[in-house]
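# Descriptive structure summary
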Amino acid sequence: MRIVVVGGGPAGLYFALLAKKSRPDWQIRVLERNRPDDTFGFGVVFSDETLGNFAEADRESYEEILANFAYWDRIDVHVGGEVVTSGGHGFCGIARKRLLNILQRRARALGVELEFGVEVAPDLAAFADADLIVAADGINSAIREQNRAHFRPSIDWRRNKFVWLGTTRPLSTFTFIFRANEHGLFQVHAYRFDGQTSTWIVETTEETWKRAGLDRMSEAETIDYCQRLFAEDLDGHPLLANRSLWRTFPTIKCERWTCGNVALMGDAAHTAHFSIGSGTKLAMEDAIALHRACLEQKGAAAILDAYEKSRQDEVARLQAAAQTSLEWFENTGRYRGMAPIQFALSLLSRSKRVTWDNLRLRDPQFIAACESWFAGQTREAVGHAYDPPAPPMFQPFRLRGLELANRVVVSPMCQYSASDGMPGDWHLVHLGSRAIGGAGLVITEMTDISPEARITEGCAGLWSAAHAGAWRRIVDFVHENSAARICVQLAHAGRKGATCLPWTGGYDEPMRQGAWPILSASPLPYLPHSQVPRAMTRADMDQVREDFVRAARLAQDAGFDMIELHMAHGYLLSSFISPLTNRREDAYGGSIANRMRFPLEVFDAVRAVWPADRPISVRVSASDWVEPDGLSAADSVEVARLLKAHGCDIIDVSAGQTVPEARPVYGRMFQTPFSDQIRQEAGIATMAVGNITSADQVNTIVASGRADLVALARPHLADPYFTLHAAAQYGFELQRWPRQYLAGREQAHALAARAAEEARELRAAAAQPKPLPARRAAE
C-alpha cells in the first residue's frame, strides 16, 4: 500500500510509524511544510489512561516518551487570595518539540520517508497513485477546505482570547490562577513539561483584552504586561515566547471525516479546547484507530469507513465535555463571588467528567473540606446543619417559611391517569411512595387550572372543591408518613392541549374527537396538523388569570406547601415568553419585558392569594434550542430577574419542548449549565433538572453551586426510594425512614457497605500488578 501523510505533527507521525511497524512493505511518506525542529507552543499533556493506549500501540516510542515526562497528580487553584489543592489526578507533560523529535526518530528508524519544507497543493493531484492519503494538516487544513462540500465542517470561533507562553518556573502541580486588575479578570492554565520549564497559557475575555490594550501590543509588550500581572505567581521567573500571538479558539467539527481515499485526522477533523488538554491525545488516538482499521479491513473504502465509525462517537463525547469546559472558562466572571473551595469544585467538575464521587476517591480530604464548608453555609442560611457534615444532598434547605429535609426533588411527571381531572389511588401511591422514599420535596404532575387547560383527558386538575378534597387525601398522606413536603405544579396547556393519551394516540397528537378549543399567545399550531389555537384576547387573559387564582386558593385548601407555576415547555404561559410562539404586535409581544407581561400578571395574582410564608417556584424553558431566533440562555437570565423582582423564590430550570423544530444537545446533566447561569447571574435559587440520574450527580450539582435543589424524574420512576438508597450508599445514618421500613434500613446499609468494599477490592486488583508504571517511571 502507498500511503501519503500530509502533516508531520504528532498524529501524522504516529500513524506513519504504527503503519510501517506493522507492514514494513508499505511505502509511507510524511510531508511537512515546516522544518524538523520547528514547533509552536510549549508542552502537551496526557493522562495515565492515554499512556496505556500508547504502550499497547508501540512500546518503543512509549518508553522514550515516558522517560521524558514531567508527572504530577495535584491541581492547585489560586483564587481569592487562597490556594485550593486537589490531588489524585494523574497527568503527564512533555515538551511538544521533544515529543515530535521522539516520533520523528522512531518513524525514520522504521523506514518512514520524512520530507520537511514541502508545501502540498490541497487538490492532492500529485498523489494520484496513492492508495491512502491522511490529511493531518491541522486546524487550518487546506485539504479539508478544498473538499468543504463533502466534509461539511463547522467552525465555531469562541469568545475568549488566549496566548500560549512558557516560563522557567518549574511548577509542581497543574496550576490554575485567577487574577483581576483594573482591566478585568485573567486566568492562567499552567503545567510543567520538563525539569526546568512550564507552559503558561493566559486567557481572558475579549472585552478585558481590549481594555488592557493587548489587542495593540507586540509580543514583547504582551510578555511585559503578563509578567507584571502575574509577578507574584511567577516568583521571579520570566515568561517565554514562541510565536506567542493572541488567538481565538475554534471548535471544529466535521460531519464526515473521509472523502474518496482521504482521511482527516487530528485538528483537521476536530478540536477540543485546551482546558481539558485533549487535542494531541485525540489526534494520536485517531492515529491508533486508523492504524487498526488498516490492519483489520481491506481496501481504502472499508478502511476509512471503519476508521470514521470507530472514532466519531468517542470524539463527539470528548468535544461535548470540552465545550462545557471552555464555556465555564468563558464565564469565570460569574463565579467570582464564590468561596475559593466552591470555586475550585466548580472548576474541577466543569466538564461533568469529574464528579463528587470521583473526587471522593481521588482526594477524600478535599471532599471532606467541601462537606464541612457546605455544612457551614447551610447552618448560616437555615439555622442548623448535620454535624459531622453530611454529603450536600442531605443538608436542609429553606424557602421562606418552608424547610426541606434535603436537596432531592421528585420532578413533575404526567401520569395521564386522572378522571375529569380528579387524582385517584394511582396518584396517592405514585406520590406517596416517592415521599416515603426520602425526597425532600415532591412535586405533583402538571395540574391544570380548568378542563380546557388540560393536555389530555387523563390530566390532573384543580378547579373545584372536589379536586381540592382529592388532593387533600394525598397531601395528608405525605405529611403524616414522611418528612417530605409537597408542591403542586399549576398550568395551562395552551396550544399543546386537547391531545391524545400517549398510549392511545401518541404524544402531542391532536384528539380525533371530543377536542376542546385551545388558546395561545398567537394562532400557531404546535404541529402542522395540530388544532390551530385562538390568539388570546384581553378577556381570555382575565379568565385564565382568575383560573390560576382559583387553583391557588384550592391548593391552600388542599394543604400544599408550595406552588410551582409552569411557564415552560410550550404551554400557555411559555407561549408568551418564547419569540418563536409569540408573534403578537400588542403590549404582550415584542421585547422580553412585553412577552413577560402576562406571565408576570398571572404570577402576581397567584402570589397575592398564596400565604406569604409559603414559596412559589416557576418552571422555565431556559432555551428554545433553536439558534439564533429562539429564546437564549441570556434571555432566560432576564426572565429570571423579572420573576425574582416580582417575588419568585426559586426557578425550576428546564429547557426546550417549546417548538417541534428544537435541536437539544443531550447528555448527562445537559440542562444544568442553564441552572448554573441563572443562579449566578440572576442571583436567585434554582432547581436543576434534565438527565440527572445519580446521587453522585446531585452532590456535584449542589456542592458546586450550580443549583440549590435537584429534580429527578425517570430515576424516581425506576426507584421510588432513590434517596433512602443514596443515604445507605453514603453511610448517612440520619436519613428518616418510615418506621415500617426500619428493618430494611439495616439491610440497605449493610448491602451498600458490602458493595463499597467489593468496589475497593476491584480497584485494588486492577492496580496490581501495574503494567504501565507511568507514575514510578516519571518520578
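Residues numbered from 1 in each chain as written. Predicted model: local features only at pLDDT ≥ 70, side-chain atom pairs only at ≥ 80, totals over all residues. Heavy atoms only, no water.

Our next topic: the packing of helix H18 (residues 538–558) against helix H21 (residues 597–609). When two helices pack together, their arrangement is given by the angle between the helix axes and by the axis-to-axis distance. As a packed pair, H18 and H21 sit with axes 9 Å apart at the nearest point and diverge in direction by 30 degrees. Helix-helix and strand crossings are classified by hand; for H18 and H21 the assignment is right-handed. Residue-level inspection shows Arg538, Met541, Asp542, Val544, Arg545, Phe548, Val549, Ala552, Arg553 and Gln556 of H18 in contact with H21, the latter providing Phe598, Glu601, Val602, Ala605, Val606 and Val609. Taken together, the residues of the contact of H18 with H21 sort by class into ten nonpolar, one polar and five charged. (Axes fitted to C-alpha atoms, helices over the stretch in contact; angles between N-to-C directions. Helix = DSSP H or I, 4+ residues; strand = E, 2+ residues; numbered from the N terminus. Left-handed = near helix turned anticlockwise from the far one by under 90°. Contact = heavy atoms within 4.5 Å. Nonpolar A, V, L, I, M, F, W, Y, C, P; charged D, E, K, R; others polar.)

Overall, parallel pairing links the eight strands, which are arranged S20-S21-S22-S25-S26-S27-S28-S29 in a closed barrel. Averaged over all neighbouring strand pairs, the angle between strand axes comes to 30 degrees, with direction disregarded. The strands that H18 touches are strand S22 (485–491) and strand S25 (562–567); relative to S22, the one it contacts most, it runs at about 165 degrees. Running over the sheet, helix H22 (residues 633–645) touches S25, strand S26 (616–621) and strand S27 (650–654) and is turned about 165 degrees from S26. (Pairing = 2+ DSSP bridges.)

Here the distance between the centres and the angle between the planes together describe a pair of aromatic rings. If you walk through the whole model with that rule in mind, you get 34 aromatic pairs. Counting every residue linked through ring pairs, the aromatic cluster contains Trp72, Phe174, Phe176, Phe178, Tyr191, Trp328, Phe329, Tyr335 and Phe343. Of note, lysine 161 hangs over the ring of tryptophan 209, and the distance from its end group to the ring centre comes to 4.6 Å. Lying across the ring of tryptophan 610, arginine 614 places its NZ or CZ 5.4 Å from the centre. (Phe/Tyr/Trp six-rings, centres within 6.5 Å; stacked < 30°, edge-to-face > 60°. Lys NZ or Arg CZ within 6 Å of the ring centre and 35° of its normal.)

Let us now look at the sheet that holds strand S4 (residues 70–72). Read from one edge of the open sheet, three strands run S3-S7-S4, paired in antiparallel fashion. Each having just a single partner strand, strand S3 (43–47) and S4 make up the two edges of the open sheet. Strand-to-strand twist of the sheet, defined as the mean angle between neighbouring strand axes without regard to direction, takes the value 25 degrees. Sheet topology note: the S3/strand S7 (residues 91–95) ladder contains five bridges and is antiparallel. For phenylalanine 46, the partnering residue across the bridge sits in S7 and is cysteine 92. The sheet strands contacting helix H2 (residues 48–57) are S3, S4 and S7, and the helix crosses S3 at an angle near 90 degrees.

Core analysis: the biggest nonpolar cluster contains 121 residues, and Phe178, Ile563, Leu565 and Leu643 have the highest contact counts within it. Considering every element that reaches this core, the biggest residue donor is H18, with eight residues. Among all residues touching phenylalanine 178, those that are not within four sequence positions of it are Val77, His78, Val79, Leu185, Phe186, Gln187, Trp328, Phe329, Thr332, Phe343 and Leu347. Membership of the second largest hydrophobic core comes to 73 residues, among which are Val4, Tyr14, Tyr62 and Met265. (Core = buried A, V, L, I, M, F, W, Y, C linked by side-chain atoms within 4.5 Å. Buried < 20%, exposed > 50% of the residue type's maximum accessible area, 1.4 Å probe, protein only.)

Glancing now at the pattern of salt bridges. In this structure the tally under the stated criterion is 46 salt bridges. Ionic pairing is found between glutamate 601 and arginine 538, a salt bridge with its closest N-O pair at 2.5 Å. Here glutamate 601, found in helix H21, pairs with arginine 538, found in helix H18; they are 63 residues apart in sequence, far enough to count as distant. Its salt-bridge partner being arginine 607, residue aspartate 649 comes within 3.6 Å of it at the nearest N-O pair. (Salt bridge = Lys/Arg side-chain N within 4 Å of Asp/Glu carboxyl O.)

Right, let's talk about the pairing of S22 for a bit. Summarising burial for S22: six of the seven residues are buried, a large majority. Relative to S22, strand S21 (residues 441–448) runs parallel, the two sharing six bridges. The residue bridging isoleucine 443 from the neighbouring strand is cysteine 487, located in S22. Once you follow S21 into helix H16 (residues 465–481) and on to S22, the crossover reads as right-handed. Alignment of S22 against S25, held across four bridges, turns out to be parallel. The residue bridging leucine 490 from the neighbouring strand is leucine 565, located in S25. (Right-handed = clockwise from strand over helix to strand, strands pointing away.)

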